[in-house]
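Summary of structural features
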Amino acid sequence: MGAQNIKRKFWTTSELLKAGKSRHSVTRAVRDGVIHRVGHGLYSVDEPTDDIRLEALVHQHPELVFSGETAAHLHGWAEMPWPAQGVLPKCRTSDGGARLTVTQRKFSRTVTVRGLPVTTPLQTVVDLHRQGWQKEKLRACLVRAYRGAKGNDNRAEDMAALMPQSRGIAETLLDGLVTGTASNLERQVVDRLRTALADTGVRIEVNRKVRGYRFDIVIPEAKVLIEIDSYIYHAADGANLGERTFIIDRWKGNMAARWGWMLLRYPDLCVQIIPGMVTDEIVDTVRYNLRHRRGRRLRTALEKLWTDMEVWLWHPSLR
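Here's what I pulled together on the structure shown here.

1. So, the pairing of strand S8 (residues 116–119)
- In this sheet, S8 lies alongside strand S7 (residues 110–113) in antiparallel orientation, the contact comprising four bridges. Of the residues in S8, the one forming a bridge with Val111 is Val118.
- Connecting S7 to the next strand, S8, in antiparallel fashion are two residues, including Arg114 with a positive phi near 55°.

2. So, unusual backbone geometry
- Each neighbour pair has its own omega, and for Trp82 with Pro83 the value is 0°, a cis peptide bond.
- Here Pro83 shows up in the loop between helix H4 (68–74) and strand S5 (84–88).
- Of note in this structure, Arg114 is not a glycine but carries a positive phi near 55°.
- With respect to the secondary-structure elements, Arg114 resides in the loop between S7 and S8.
- In the Ramachandran plot, Arg211 falls in the positive-phi region, its phi being about 50° despite a non-glycine side chain.
- In this structure, Arg211 sits in the loop between strand S9 (205–210) and strand S10 (213–219).
- By relative accessible area, Arg211 is classed as partly exposed at 34%.

3. Quick look at the sheet that holds strand S1 (residues 10–12)
- In space, the three strands of this open sheet follow the order S1-S3-S2, with antiparallel pairing throughout. At either margin of the open sheet sits one strand with a lone partner, and together these are S1 and strand S2 (36–39). Within the sheet, the average angular offset between the axes of one strand and its neighbour, ignoring direction, is 40°.
- As judged from the three bridges shared by S1 and strand S3 (residues 42–44), these two strands associate in the antiparallel manner. Paired with Thr12 across the strands is Leu42, a residue of S3.

4. Observations regarding the sheet that holds S9
- In spatial order, the strands read S9-S10-S11-S12; together these four strands make up an open sheet with mixed pairing. Each of the sheet's edge strands pairs with one partner strand only, and the pair in question is S9 and strand S12 (262–267). Ignoring strand direction, the axes of neighbouring strands in this sheet form an average angle of 45°.
- As paired elements, S9 and S10 share five bridges and run antiparallel to each other. For Glu205, the partnering residue across the bridge sits in S10 and is Val218.
- The sheet strands contacting helix H9 (residues 184–196) are S9, S10 and strand S11 (224–229), and the helix crosses S11 at an angle near 145°.
- Where helix H13 (residues 275–291) meets the sheet, its contacts fall on S10, S11 and S12, and the angle it forms with S12 comes to roughly 175°.

Criteria and cut-off values
Residues numbered from 1 in each chain as written. Predicted model: local features only at pLDDT ≥ 70, side-chain atom pairs only at ≥ 80, totals over all residues. Heavy atoms only, no water. Pairing = 2+ DSSP bridges. Helix = DSSP H or I, 4+ residues; strand = E, 2+ residues; numbered from the N terminus. Buried < 20%, exposed > 50% of the residue type's maximum accessible area, 1.4 Å probe, protein only. Axes fitted to C-alpha atoms, helices over the stretch in contact; angles between N-to-C directions. Contact = heavy atoms within 4.5 Å.

Spelled out as structure tokens, the structure:
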């Protein structure tokens, strides 16, 4: 029985028999390593790695969503423990077999990791908290899971999808946690600001959108926006900037000024070599703005110009 004769990734015993193979030839093929037993009555030509065995479980249970420590493994937080853990909309205690511990539950939101259905990072840490994982380890997992420019957007969507009984646990795990940072420099700045402004009660948000544009750090109560610019993308010659990014960058700053925000921009090199000066200026600006609310009346939505919309929606060079 050659691998070239196998047209599917997984074959059941009955499918192999219908294809003209005998039980003896199937046993011999497994012994010779031509095919591999990857589940109860299920075979594959692929070596039975953890991921192949998990794919086999999904093949047997099409509605299966991996959860708990199996989800932690797929999210990259832990080694794979067996039996796997998963949830099904409907199940019986015998559904899982020896390789799967399964419970009955429905989710309104799941994610796909390495081609496999998995509970969201937020749902996963809630489940792991219930299984006894340490809080600080779970918080570190959340930082990893929700990093990057869209990290906080994904976190908000995952939070909204949680059941009410899980939301309280998630809020406790997220309390004071900085997610969404795209670089170590941003994390360093945010950590310093959180310490220096702890007595003010302001929120320090990262990679948040303001009127359609995303900013590195946003302090809404003080109407302060902070951008940390890399020299390679913002150098005077614009060699690595690109016309589109250059245009967006300028109109983004205009929007901030027109709608009452104070935009502070710092080169990444300055954050590295004079971090104290950068922090001091931001903190002083925030405290000043909190003490001295600007008297100028802010625009209302009815006073918006066409150019106040995101520039890529109307600029002829970007459409």
